[in-house]
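Geometric and topological summary
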Amino acid sequence: MTTTARLHIDVHLPADHAQRALRADVIAGLSERPRTLPPKWFYDKVGSDLFTEITRLPEYYPTRAEREILQQRADAIAFHTGAATVIELGSGSSEKTRLLLDALTRNGTLRRYVPVDVSADALTDAANSLFGDYPNLTVHGVVADFTEHLHLLPDSPGPRLMVFLGGTIGNLEPTERAAFLRGMRDSLRPGDHLLLGTDLVKSPSVLVPAYDDAAGVTARFNRNVLAVINRELDADFDVDAFEHVAIWDDREQWIEMRLRARGPQNVYIADLDLRVALADGEEIRTEISAKFTPDRVRAELGTAGLGVRHWWTDTAGRFALSLSGR
Ligand code: AVJ
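I will try to describe carefully the structure that is included in this document.

Reading guide: rules and limits
- Residues numbered from 1 in each chain as written.
- Predicted model: local features only at pLDDT ≥ 70, side-chain atom pairs only at ≥ 80, totals over all residues.
- Heavy atoms only, no water.
- Phe/Tyr/Trp six-rings, centres within 6.5 Å; stacked < 30°, edge-to-face > 60°.
- Helix = DSSP H or I, 4+ residues; strand = E, 2+ residues; numbered from the N terminus.
- Buried < 20%, exposed > 50% of the residue type's maximum accessible area, 1.4 Å probe, protein only.
- Expected span 1.5 Å × (residues − 1).
- Arc of directions from axis to C-beta.
- Polar contact = N/O pair within 3.5 Å; in protein donor to acceptor, adjacent residues only side chain to side chain.
- Contact = heavy atoms within 4.5 Å.
- Near = heavy atom within 4 Å.
- Areas by Shrake-Rupley, 256 points an atom, 1.4 Å probe, with all protein chains shown as cover.
- Nonpolar A, V, L, I, M, F, W, Y, C, P; charged D, E, K, R; others polar.
- Pairing = 2+ DSSP bridges.

Attention shifts here to the packing of aromatic side chains. Counted under the stated rule, the structure contains 11 aromatic pairs. Look at F146 and F180: their rings are 5.6 Å apart centre to centre, the planes differ by 40°, and that puts the pair in the tilted class. Note that F146 is positioned in the loop between strand 6 (138-143) and strand 7 (160-164) and F180 in helix 6 (residues 174-186), a separation of 34 residues in sequence. The exposure classification of F146 matches that of F180, with both residues buried. The structure contains a cluster of three or more aromatic residues connected by ring pairs, namely F42, Y43, F51, Y60, Y211 and F221.

What follows is the structure in structure tokens.
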């Protein structure tokens, strides 16, 4: 625990958590068929910078669409929630959150920001950049994996607004997603709200380029997960021998990113003493990014015990923010 007058950080992850979780994920994911690697390992320093670059690409609309909605609706969100606390899951740089913090400051209710992230450094940097601009705000950061540790959230002044932005809910498989929505609902009290960002189903001619851009930034982002494994687990993936693949799975209603071996690949992961032989053309699934119909968002929130009170999209109807409560 770290405490200054305005910053308090709870650490729920042991120092070796990331290393242990990566080892377990790589062993499990590369042993199963089809082979998989979870998307959370994209985001080292290089991968986080590449993701920031993705958000500026002409083809990648979700970030701009979500920001447009927040710009238009932040005051309505502040009015409807009257939130004293904003709890943000996967807060990263907390950049879009400022639109909400500004509106809640104008609303006169904001007292506390509770960012939840696996990176203590990201939390500290984000908090320090907020203090100058929000003189009355206290920050209670939580270093945790939000898919596992929602029950460890600190007590905070109500009403609370929990926010999960970016469409990251789409990275979870449907069963994980249902459990996660239920977990968020269980951590809310009557009068609290959930603000959820969901990318919407649209033509594959728009969806696929958003995950396979002309400049090749998403391809570099995708391959970076192999560089992370090479560095962290002393592996010898030939990163450039893998082709970036993005496909729309119409049955599952998700974008799937894969890495496809160009020629047979014999990989040795020294820290695991694991050998992986990939055939020519064999693929590793590295991410699913589910897209939603409005009905599906409502139905899944409803199943989790959350009722949608407001639904907003960007002008082009590409992305949605829902405000729900229990
Ligand atoms: C950060 C999970 C919302 O799924 O669109 C961007 C990640 N992957 N391009 C998404 C991502 C490829 C992004 N999320």
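Moving on, we get to helix 6. For helix 6, which comprises 13 residues, the first-to-last C-alpha distance of 18 Å matches the rise-based estimate of 18 Å (1.5 Å per residue) to within 8%. Looking only at helix 6, the buried set comprises R177, F180, L181, M184 and R185. One side of helix 6 holds all its buried residues, which, seen down the axis, span an arc of 140°. Residues of helix 6 that are exposed and point more than 90 degrees away from the buried face comprise T175 and A179.

Turning to the side chain of N230, a few remarks are in order. Its place among the elements puts N230 in helix 8 (residues 217-233). One polar contact links the side chain of N230 to the main-chain amide nitrogen of D236, over a distance of 3.4 Å. Residue contacts for N230: discarding those within four places in its chain leaves A235, D236, F237 and V239.

Let us look at the site of the ligand. Taken together, 13 residues sit near the ligand, with Y60, G166, Y211, E287 and S289 positioned nearest. In the environment of the ligand, a nitrogen atom lies 2.6 Å from a nitrogen or oxygen atom belonging to the side chain of E287. Protein contacts shield 95% of the accessible area of the ligand, which totals 360 Å² for the unbound molecule. Secondary-structure elements contributing two or more residues to the shell around the ligand are helix 2 (45-54), helix 8 and strand 13 (283-290). Of the residues in the shell around the ligand, the class split is 7 nonpolar, 5 polar and 1 charged.

Attention now moves to the pairing of strand 11 (residues 265-269). Only one face of strand 11 is buried, namely the one carrying Q265, V267 and I269, since none of N266 and Y268 on the opposite face is buried. Pairing between strand 11 and strand 12 (residues 274-278): 5 bridges, direction antiparallel. Within the sheet, the bridge partner assigned to Q265 lies in strand 12 and is L278. The turn linking strand 11 back onto strand 12 is made up of 4 residues, and D273 within it adopts a positive phi angle of 45°.

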